[in-house]
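Overview (structure and organization)
Chain by chain, the residues run as shown.
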Amino acid sequence: MARPLIVVTGWIPQAGMDVLATAGDVVVSPADDPQRADRLSAAAAIVTLLTDRVDHALLDAAPSLQIVANVAVGHDNIDIAACHARGVHVTNTPGVLTDATADLAMGLILMSTRRLGEGERLVRSGEPWAWSMSMMLGTGVQGRRLGIIGMGGIGTALARRARAFGLSVVYHNRRRVDRAVEDELAAELLDLDDLLATSDIVSLHCPHTDATHHLIDRSALETMKRSAHLVNTARGPIVDEAALVAALAGGTIAGAALDVFEHEPDVHPALRSSDRVVLLPHLGSATVETRDAMATTAARNVVAVLDGGAPLTPVLPPKGDVGVS
Ligand code: GLV
């Protein structure tokens, strides 16, 4: 019997490829592959990256598809309802990138509040500089309040790191987290406006959905403290980037640190030229260990489904729920 065809849309770590090879014939077929249509037409599984769009057009081209295994925890690149309507499983990679992303968010908090990107640019520029008492002063994080929007695994992991740095934690979430976690972190659930109005740093950890698109818009930015910093390691379109540009230029907030962008990989030119913002190229999960774990999680989902079993980490159909985590 012919082995099932598994299409992988771009490079993934060998650890994932090795697992996939146990379940079928594996081809790497990016969007510009001239043989892509043929390959999709025979594919039983597709392993996608967060830059791939999985929509009706792709599903029409892949009538034998059983599973879309996204190598990411986020899945706003996939039309989940369309997949489920055709009986195609969708999976993501929760858990395995929690620490890497929380580490990066903590790093961005420090970069923004302590002006680390600006300092690095100064040294690299070759401009003369000399230490002085007043040079490039930032603000300390100790005793400040961190507001976490989306208290899932990554938000909670960031809260743990932030507590170790002396920050207090409030959060906004669809539902209250376990009492034990709230107690451990001394974290308080607030409504969105209260969180925005009282936090010194606001960090986004919710999925990008219709409900969270432009959650941080002009009005949200105006609700924040003028001294506040915004950190986004979730998805770019949760923030209205034009409104953020205006808020940074007008001093509505003090600074921002972004790992993701509304029109990724394009970055608004005004952000590139602003010293008030730290910019990273979507590095949240970018460690060797994490990417290995993401690839093998996606691959194990493919193996489970092609073996006739249930996916290990399914993304369930949308329920019309409008929460942030
Ligand atoms: C990264 O952004 C992910 O969703 O895994």
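Up top is the structure.
Now for a look at the structure at hand. (Residues numbered from 1 in each chain as written. Predicted model: local features only at pLDDT ≥ 70, side-chain atom pairs only at ≥ 80, totals over all residues. Heavy atoms only, no water.)

**As for the pattern of salt bridges**
Tallying each qualifying case throughout the model produces 14 salt bridges. Between Asp25 and Arg3 there is a salt bridge, and its shortest N-O distance comes to 3.1 Å. With Asp25 in strand β2 (residues 25-28) and Arg3 in the segment before β1 (5-8), this residue pair connects regions lying 22 residues apart in the sequence. Among the residues examined, Asp25 registers a relative accessible area of 38% and is labelled partly exposed. The partly exposed category is assigned to Arg3, whose relative accessible area is 42%. Ionic pairing is found between Asp33 and Arg39, a salt bridge with its closest N-O pair at 2.6 Å. Exposure remark for Asp33: the relative accessible area of 11% places this residue in the buried category. On the accessibility criterion, Arg39 (21% relative accessible area) is partly exposed. Through salt bridges with shared partners, one network takes in Asp99, Asp103 and Arg161. (Salt bridge = Lys/Arg side-chain N within 4 Å of Asp/Glu carboxyl O. Helix = DSSP H or I, 4+ residues; strand = E, 2+ residues; numbered from the N terminus. Buried < 20%, exposed > 50% of the residue type's maximum accessible area, 1.4 Å probe, protein only.)

**A short note on the side chain of His208**
You can see His208 is positioned in the loop between β9 (201-204) and α10 (218-223). Separated by 2.8 Å, the side chains of His208 and Asp76 make a polar contact. At a separation of 2.9 Å, a polar atom in the side chain of His208 contacts the side chain of His213. Each residue touching His208, except ones within four places of it in the same chain, is listed here: Asp76, His213, Arg235, Pro237 and Ile238. (Polar contact = N/O pair within 3.5 Å; in protein donor to acceptor, adjacent residues only side chain to side chain. Contact = heavy atoms within 4.5 Å.)

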